[in-house]
Amino acid sequence: MTNRPILFSGPMVRALLDGRKTQTRRDLTKTFARYPQLEGYETNGTLKPIDGRSVPCVEFVHSNLGLWHPEENPSGRSGWYVPLKAAVGDRLWVKESWWIATMYSYGTTPGGCEISPPPLAHRKRDPVHYDADGNPPNVGNRTYGPEGLRGGSFAAPDPYAVWLKKPSIHMPRWASRLTLIVTEVRVERLQDISEADAIAEGIERHHSGWMPYSTAFYEADGVTPANYHVDPRESYRSLWNKINGFGAWEANPWIAAYTFTVIKQNIDQIEKVAA
C-alpha cells in the first residue's frame, strides 16, 4: 500500500462528497511522452510490478512486431512497460483548491504594514476553508472592521487577518479532507467507457437524462440545459472535451481508469483511528 496525492477540481470534489463519483480516468498520453511513440501498439491490460516499482505497469506491444508471450516471439520482446499512478489498495489523498486564514503575526514592515507569509509557510493551526464549499465566511475583525471586506479580500475571524486562496497543487497533506482507497485499476481506450462507468464518474442526473457536473447548465426560468444528454456516455464525452480541449474525446487516448471508495477523512486521521 502506498499513499499518493491526486488533484481534483471543485465540481469533482462536490461529486465525491455527494457520493456520486467513484471513478476517475487519467490520460496516459503524457506518460507515453517518456517512451517511443506508441502508435500501433496495443495492450492486453495486464497489470504487473516491474523493476521493483511501487506502481503497476502495463505492457504495450506493437501489433505487427511482437506478441505478449516471449516463446511465441523469436525476435524478442518488442513492448514497453508504462507505469500507472496507483495500484489496488493504494490510498490517494485529494488535493483541491482551498483557502487558509493566515495570521498577521508573521511580521510587519517598519511602516506598520502587514507582511504576507512566505509561500507554503502555512501552519496546521491556521483555519482552512475549501473552495468547493463556496467562498469563505467574511467577518469583521479588528483589522478589517465590521464590514469585513477590504480591497476585495475576505476577512477571517479575529485574530486572523485575511483568507488567502491557494491552488490545489499547493494543498499540504494535513489540510486534505478526502481519502480514496483504490479498489480497481484498468487500462483501456477512453471510448471504451460504459454507461455505468460514465455515471460512476459523477455526472449528474437531469430528469430523464444526464449532464456534465463541471458545468452550470441547470434549469433557469424553465429553460432546459444545453448540455443535457439521454446517453450518460455522451454527457461524459462533453465533459472530457471541456476539460481536455476540443477533439480530446475523438482522439480516443489510452487511459487509466481508477475505481475507489471515498473516505471523508484526512489520510493521517484514518491512520490514527485505525491505531
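Preceding this section is the structure that the text describes.
## So, helix α4 (residues 232-244)
Here α4 contains 13 residues, and its C-alpha end-to-end distance of 18 Å stays within 8% of the 18 Å for a straight helix at 1.5 Å per residue. Turning to α4, its buried residues number three or more, namely P232, S235, Y236, S238, L239, W240 and N241. N-capping of α4 is provided by D231, with a side-chain oxygen placed 2.9 Å from the backbone N of R233.

## Some words on the environment of A175
Among the secondary structure elements, A175 is positioned in the loop between β10 (160-166) and β11 (179-189). The exposure class assigned to A175 is buried, which follows from its relative accessible area of 3%. Aside from chain neighbours lying at most four places away, what touches A175 is W98, V128, Y130 and N266.

## Some details on the layout of surface pockets
Within this model, the largest pocket holds a volume of roughly 650 Å³. If you trace the largest pocket, you find 27 residues lining it, with R25, R26, D27, W240 and N244 closest to the centre. Broken down by secondary-structure element, the contributors of at least two residues to the lining of the largest pocket are β1 (3-7), β2 (23-27), α2 (29-32), α4 and β14 (254-263). Looking at which element gives the most residues to the lining of the largest pocket, the answer is α4, with five residues. In terms of residue class, the lining of the largest pocket is made up of 15 nonpolar, four polar and eight charged.

## Focus: the packing of aromatic side chains
Both the distance between ring centres and the angle between the ring planes are used here to describe each pair of aromatic rings. Counted according to the given criterion, the structure contains two aromatic pairs. Look at W99 and F154: their rings are 5.5 Å apart centre to centre, the planes differ by 90°, and that puts the pair in the edge-to-face class. Remark: F154 occurs in strand β9 (residues 154-155) and W99 occurs in strand β7 (residues 98-103); sequence separation between them is 55 residues. Residue W99 shares its accessibility class with F154, and that shared class is buried. Ring geometry for Y236 against W240: centres 6.1 Å apart, planes inclined by 45°, an arrangement best described as tilted. With Y236 and W240 both in helix α4 and four residues apart, this pair spans about one turn of that helix. Over the ring of F8 we find R26, and its NZ or CZ is 4.9 Å from the ring centre.

## Section: the sheet that holds strand β6 (residues 91-95)
Taking strand neighbours across the sheet as the criterion, the five strands line up as β1-β6-β11-β14-β2 in an open arrangement whose pairing is mixed. Single-partner strands in this sheet number two, and they are β1 and β2. Taking the axes of each pair of neighbouring strands and ignoring which way they run, one obtains an average angle of 40° across the sheet. Relative to β11, β6 runs antiparallel, the two sharing three bridges. Bridge pairing in β11 links R91 to I181.

Cut-offs and rules
- Residues numbered from 1 in each chain as written.
- Predicted model: local features only at pLDDT ≥ 70, side-chain atom pairs only at ≥ 80, totals over all residues.
- Heavy atoms only, no water.
- Helix = DSSP H or I, 4+ residues; strand = E, 2+ residues; numbered from the N terminus.
- Expected span 1.5 Å × (residues − 1).
- Buried < 20%, exposed > 50% of the residue type's maximum accessible area, 1.4 Å probe, protein only.
- Polar contact = N/O pair within 3.5 Å; in protein donor to acceptor, adjacent residues only side chain to side chain.
- Contact = heavy atoms within 4.5 Å.
- 1 Å grid on protein atoms, 1.4 Å probe; cavity = no way out; pocket = protein on both sides within 12 Å on 5 of 7 lines; lining within 4 Å.
- Points joined across faces, edges and corners; volume = space filled by probe spheres on them.
- Nonpolar A, V, L, I, M, F, W, Y, C, P; charged D, E, K, R; others polar.
- Phe/Tyr/Trp six-rings, centres within 6.5 Å; stacked < 30°, edge-to-face > 60°.
- Lys NZ or Arg CZ within 6 Å of the ring centre and 35° of its normal.
- Pairing = 2+ DSSP bridges.
- Axes fitted to C-alpha atoms, helices over the stretch in contact; angles between N-to-C directions.

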